[in-house]
Amino acid sequence: MAVGLEIVLTRGVAEGVITGEQAERLRHLGEDGTGPVLGEGAWQSPTRRGPSLVTEALGYLGGIILLVGAILIGSQYWPDVDPLVRLGVVVLVAVAFVVAGSLMPRGLDAVGTRLRSVLWALSVAAGTGAAAILLYDVVDVDDDYVPALMFLLATVYALALWAWRPTGLQLAVAAAGTAVTAGLLVNLLVESWNAVIAGVLVVGVVWLALGWAAVIRPPRAALVVGAGIVFVGSQMYVVGGSGPIWAVLASAGLVGVALYHRDLIILGVGALGLLFALPNLIYEWFPSVVAAAVSLLVVGGLLVVAALYTARRGRQHPGDGPAKGPANGAAGSPANGPATTPAGQER
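Residues numbered from 1 in each chain as written. Predicted model: local features only at pLDDT ≥ 70, side-chain atom pairs only at ≥ 80, totals over all residues. Heavy atoms only, no water.

**A few points about the overall build of the chain**
The helix and strand inventory of the chain stands at 12 helices and 0 strands. Going from the N terminus to the C terminus, the chain shows its helices and strands as α-α-α-α-α-α-α-α-α-α-α-α. The burial tally for the chain puts 35% of its 347 residues in the buried class. Expressed as a percentage of contacts within the chain between residues at least 6 apart in sequence, the contacts between residues at least 24 apart total 60%. (Helix = DSSP H or I, 4+ residues; strand = E, 2+ residues; numbered from the N terminus. Buried < 20%, exposed > 50% of the residue type's maximum accessible area, 1.4 Å probe, protein only. Contact = heavy atoms within 4.5 Å.)

Given below as structure tokens:
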């Protein structure tokens, strides 16, 4: 099989464009007539799927056991250990997770991608702990600045890992770090809760825009992560004042994005935001319980219609619909015989 095809398939699985099973099918098609034949388990690969699933399960289980063991040991001896030694131990743990993830064989496809993503997410968590030890115990920075600097360092680290191997989980970790860092930095500069919320919302909108423009890999993950950040930011508003209005507007904006991209996940996030934000807004605007109930029925009905519209449109593809007749002896024309499916049946 050509190296170029393998690169395309690997990147397609990593970016969520195709599944591991679909990549396996294409690999069989790329072999010179040596791949399995349809009807004989062509799209199944027991020799590869079994060990891959076992590898993934063992990796998750091993990571959990390592964390539990480290926490138990740390709870007994950690306070008595020199700060530099503590910093070195946590840094080694972070490096170990990165090395383990980078050594995942490419042949594991989606399983290897998921396992590597989880290990690297654990590495970011360990890196955050290392930054906390560095700033609190080694450098002795003012406590007011430690949280913002700690998450800033961790976010830079997460962004570096995402740039190295862009996956959905790496993107989520990096994006969450940018949101938390933005909120903490704004709080240091302005010391206003509303400004903190605005900072988080701006970060969410930026990630949405980057995903919309497809400049972030994988782009759909950027959209979903941006929607999640906007949701969290919109729910940070306190009851009363203009907070509920902004929360409803932000959630309604997510619904609009979902309808444009026909994305049920983003639609669910926007609907959940409306569910949380609408009661506060209704209590502010509607003194009557009946009026509040009617407004909820209307909004709920509109969301159901939007969900049905998105679901139906999401099942359609550009190639769907009545096929146009081929011209000039193209495949499927009477001159060349009827077009057939891979199973050998006429369309």
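**What about the nonpolar core?**
Side chains of a nonpolar character, in soluble globular proteins, are inclined to be buried together. The biggest cluster of nonpolar side chains holds 22 residues, and the ones touching the most others in it are Leu208, Ala227, Val230, Val248, Leu254 and Ile266. Those elements that place two or more of their residues in this core are helix H8 (193-212), helix H9 (219-234), helix H10 (243-261) and helix H11 (264-285). Ignoring any residue separated from it by four or fewer positions in sequence, one finds Val230 in contact with Leu201, Gly204, Val205, Leu208, Ala250 and Leu254. Counting residues in each nonpolar core, the second largest holds 13 residues, with Leu171, Ala175, Ala222 and Ile229 among its members. (Core = buried A, V, L, I, M, F, W, Y, C linked by side-chain atoms within 4.5 Å.)

**A word on unusual backbone geometry**
Positive phi outside glycine occurs at Ala214, with the angle close to 60°. Mapping Ala214 onto the fold places it in the loop between H8 and H9.

**Some thoughts on the packing of aromatic side chains**
Inspection of the entire model under this criterion finds 1 aromatic pair. Here Trp120 and Trp164 contribute two aromatic rings whose centre-to-centre distance is 4.9 Å and whose plane-to-plane angle is 25°, an arrangement assigned as stacked. Residue Trp120 is located in helix H5 (residues 110-138), and its partner Trp164 is located in helix H6 (residues 146-164); the two are separated by 44 residues in the primary sequence. Relative accessible area serves as the criterion here: at 45%, Trp164 is assigned to the partly exposed category. Positioned over the ring face of Trp120 is Arg116, at 5.6 Å from the centre of the ring. (Phe/Tyr/Trp six-rings, centres within 6.5 Å; stacked < 30°, edge-to-face > 60°. Lys NZ or Arg CZ within 6 Å of the ring centre and 35° of its normal.)

**A few points about a nonpolar patch on the surface**
Taken together, the side chains of Val91, Val95, Val99 and Leu103 define a hydrophobic patch exposed on the protein surface, amounting to about 330 Å² of accessible area. Relative to the helices and strands, Val91 resides in helix H4 (residues 83-102). With a relative accessible area of 36%, Val91 lands in the partly exposed category. (Patch = residues over 30% accessible without salt bridge, like charges linked within 9 Å, V, L, I, M, F, W, Y side chains within 5 Å. Areas by Shrake-Rupley, 256 points an atom, 1.4 Å probe, with all protein chains shown as cover. Salt bridge = Lys/Arg side-chain N within 4 Å of Asp/Glu carboxyl O.)

**Structural notes on the environment of Val180**
You can see Val180 is positioned in helix H7 (residues 168-190). C-alpha separation for the pair Val180 and Leu152, spaced 28 residues apart in sequence, amounts to 8.7 Å.

**Focus on the side chain of Gln170**
Within the element layout of this structure, Gln170 appears in helix H7. Here the side chain of Gln170 touches Ser117 through a polar contact of 3.2 Å, landing on its backbone oxygen. Among residues more than four places away in sequence, those in contact with Gln170 are Ser117, Trp120, Ala121, Leu161, Trp162 and Arg165. (Polar contact = N/O pair within 3.5 Å; in protein donor to acceptor, adjacent residues only side chain to side chain.)

**Comments concerning a negative patch on the surface**
Taken together, the side chains of Asp140, Asp142, Asp143, Asp144 and Glu191 define an acidic patch exposed on the protein surface. Assignment of secondary structure puts Asp140 in the loop between H5 and H6. (Lys, Arg positive; Asp, Glu negative; His and termini not counted. Charge placed at Lys NZ, Arg CZ, Asp CG, Glu CD.)

**Examining the packing of H5 against H6**
Running from N to C, H5 and H6 cross one another at 150°; their axes reach a closest spacing of 9 Å. Overall, the two elements H5 and H6 adopt an arrangement that is roughly antiparallel. Relative to H6, the crossing made by H5 is right-handed. Across from Trp120, Ser123, Val124, Thr128, Ala131, Ala132, Leu135 and Tyr136 in H5, the residues of H6 making contact are Val146, Pro147, Leu149, Met150, Leu153, Ala154, Tyr157, Ala158, Leu161 and Trp164. (Axes fitted to C-alpha atoms, helices over the stretch in contact; angles between N-to-C directions. Parallel < 35°, antiparallel > 145°, perpendicular 65-115°, else oblique. Left-handed = near helix turned anticlockwise from the far one by under 90°.)

**Quick look at the environment of Leu152**
Considering the arrangement of structural elements, one finds Leu152 in helix H6. By relative accessible area, which is 36% here, Leu152 ends up partly exposed. Along the chain, Leu152 and Thr178 lie 26 residues apart, while their C-alpha atoms are 7.6 Å from each other.

**Some remarks on the confidence of the model for the chain**
Should the pLDDT be low somewhere, the predicted coordinates at that spot are not to be read in detail. Looking at the chain as a whole, its pLDDT mean stands at 74, while 71% of the residues score no less than 70. With pLDDT under 50 throughout, residues 32-50 is counted as low confidence; its partners more than four residues away or in other chains account for 21 contacts. Confidence over residues 317-347 falls short of pLDDT 50; this stretch has 20 contacts with residues more than four positions distant or in other chains. (pLDDT = per-residue confidence, 0-100.)

**Side note on the packing of H6 against H7**
In the contact formed by H6 and H7, the axes pass within 8 Å of each other and the chain directions differ by 155°. The angle between the axes of H6 and H7 places the two elements in the roughly antiparallel class. Note that H6 runs across H7; the crossing there is left-handed. Taken together, the residues of H7 that come into contact with H6 (itself represented by Pro147, Ala148, Phe151, Leu152, Thr155, Ala158, Leu159, Leu161 and Trp162) are Gln170, Leu171, Val173, Ala174, Gly177, Thr178, Val180, Thr181, Leu184, Leu185 and Leu188. In terms of residue class, the contact of H6 with H7 is made up of 15 nonpolar, 5 polar and no charged. (Nonpolar A, V, L, I, M, F, W, Y, C, P; charged D, E, K, R; others polar.)

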